[in-house]
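Observations on chain architecture
Okay, here's what each chain looks like letter by letter:
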Amino acid sequence: MAGELDVQGAKNSILPLLSGTVLCQGESVLHNCPNLSDADAACRILNCLGCKCTRVNKSITVNSELLLNTDVPEELMREMRSSIVFLGAILGRTRQCKLTFPGGCELGPRPIDLHLMALRKMGVEIKNESGYLECSAPKGIHGAHISLSLPSVGATENIILAAVTAKGTTEIHNAAREPEITDLADFLNKCGARINGAGSGTVIIEGVEKLGGAEHKVIPDRIVAATYLCCAAITRGEIILKNADFSHISALVPVFEQMGCKIYGYNSDGEDRIYINARKPLRAPHKIITTWHPGFPTDAQPMFMALASTLKGTSVFEETIFDNRFRHADELMRLGAKISVNKTIAVVEGVNRLSGADVKATDLRGGAALVTAALFAEGTSRISGISHIDRGYDDLVGNLKKIGADINNA
Ligand code: UD1
């Protein structure tokens, strides 16, 4: 495969950004918003709360002047697990909120104990009534010193959202350092918040009276960038990603280099780009251990496993974030990959050829891994369960076609 592609805006930014607009007593405009079913679900939640949310192409305008409702109905919560990030925002605006407890998901249990521990420290009373979380802060929300036992992305976002209009200062220690946290803080600061240290392990938020609206461009999606880079590498191709931030994929670069790819970031006409060339014979990477940012992202693990399946040598993957994140391995094996899984370790023996088969996506990135592998497989592969892929990829099929893939929507 060869050619140039634009990288979409980040799914994991757009969701907390849309929830952040709940705090703004005015109009916000978010640019570079990908067309994703998860973003649509977030807009439905905003409309249900009484905000006016409209999309024109890649820009979403949210008017949150009036918030009429503080409850998120169960069917909307179920559409998207990460809707829990609305909790901090609704509480920050109204001091009360009712929504359903998000259950586990296809990757394993997804507890929110850290979110709740932090909100309680900030003065929020939380009752768990038959699957519903009933939260209120009759005496207001106040700043607190919060140390997270692990740097949860969602907990860090919820604390920031609840803290921006709290009384006093909140300090988050062992905060998540993902670029999406920085993006959320940048947007909220444009709206009048006072957040310092986002992107580092300590975030300090000084509460302000209220927020207005702002305009903001969503950062590029580093996991989508990783997917296209893996697609280029598995087809031994050469591509340029436009509107892509090389600094956000720094943990992936040494792995691509170890495989024998040439990869670098550069700027052209004021636009950040990433170049990859995988035309030389590639070899298996050694060990890939997923961890928190800035380490190797768990969300990129499935696509790298697909790629490693086709490289000479043995690769070992260790998954440290989620309990059940190798479900794509069975489906990759249907295509001819040689993978053995033992709990959180997967050992991949590279093979020379994969062959097309009918396979099923069981989660978002697992689905992307199957598409990646199918590009290398001889013959035709049919991938079902693509609604998982639509949660996070804006026109994956159209984009892969642009760089030469023979791929179609059924
Ligand atoms: C976010 C990303 C997701 C990514 C994940 C880890 C979004 C919308 N999603 O998910 O794509 O895979 O980060 O990089 O941004 N945990 C607890 N207690 C808590 C919270 C988390 O034990 O209160 C554990 C979870 O079991 C999980 C791990 O921490 O194993 C990761 O959770 P977290 O960082 O919160 O991920 P999400 O925000 O859900």
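Residues numbered from 1 in each chain as written. Predicted model: local features only at pLDDT ≥ 70, side-chain atom pairs only at ≥ 80, totals over all residues. Heavy atoms only, no water.

**Points about the pairing of strand β9 (residues 169-173)**
Consecutive side chains along a regular strand alternate between the two faces of the sheet. Where strand β8 (residues 145-147) lies against β9, 3 bridges are found, and the strand directions are parallel. Bridge pairing links H145 to E171 in β9. Taken together, β8, helix α6 (residues 153-163) and β9 constitute a β-α-β crossover, and its handedness is right-handed. Bridge analysis of β9 against strand β11 (residues 202-206) gives 5 bridges, and the strand direction is antiparallel. Pairing of T169 across the sheet is with E206, part of β11. (Pairing = 2+ DSSP bridges. Helix = DSSP H or I, 4+ residues; strand = E, 2+ residues; numbered from the N terminus. Right-handed = clockwise from strand over helix to strand, strands pointing away.)

**Comments concerning the packing of aromatic side chains**
By the definition in use, this model includes 4 aromatic pairs. Aromatic side chains Y264 and Y275 sit 5.0 Å apart centroid to centroid with 35° between the ring planes, which places their arrangement in the tilted category. With Y264 in strand β14 (residues 262-268) and Y275 in strand β15 (residues 271-277), this pair connects stretches of sequence that are 11 residues apart. The class for Y264 is partly exposed, based on a relative accessible area of 36%. (Phe/Tyr/Trp six-rings, centres within 6.5 Å; stacked < 30°, edge-to-face > 60°. Buried < 20%, exposed > 50% of the residue type's maximum accessible area, 1.4 Å probe, protein only.)

**Some remarks on the sheet that holds β11**
Note on sheets: strands pair through backbone hydrogen bonds, and any given pair is parallel or antiparallel. The strand order across the open sheet built from 4 strands is β8-β9-β11-β10, with neighbouring strands paired in mixed fashion. Across the chains shown, the open sheet's two edge strands, defined by having one partner strand only, are β8 and β10 (194-196). Adjacent strand axes in the sheet meet at a mean angle of 15°, parallel and antiparallel pairs treated alike. Here α6 sits on the sheet and contacts β8, β9, β10 and β11; the angle it forms with β9, its principal contact strand, is near 170°. (Axes fitted to C-alpha atoms, helices over the stretch in contact; angles between N-to-C directions. Contact = heavy atoms within 4.5 Å.)

**Brief notes about the pattern of salt bridges**
The full count for this structure, using the stated rule, is 15 salt bridges. The residue E271 makes a salt bridge to R273 at a minimum N-O spacing of 2.9 Å. Given a relative accessible area of 14%, R273 falls into the buried group. A salt bridge links R353 to E378; its shortest N-O distance comes to 3.0 Å. Linking R353 in the loop between β19 (345-349) and β20 (358-360) with E378 in the loop between α12 (364-376) and β21 (382-384), this pair joins segments that are 25 residues apart in sequence. Residue classification places R353 among the partly exposed positions, given a relative accessible area of 47%. Residues joined by salt bridges that share partners form a network here, namely K11, D38 and R391. (Salt bridge = Lys/Arg side-chain N within 4 Å of Asp/Glu carboxyl O.)

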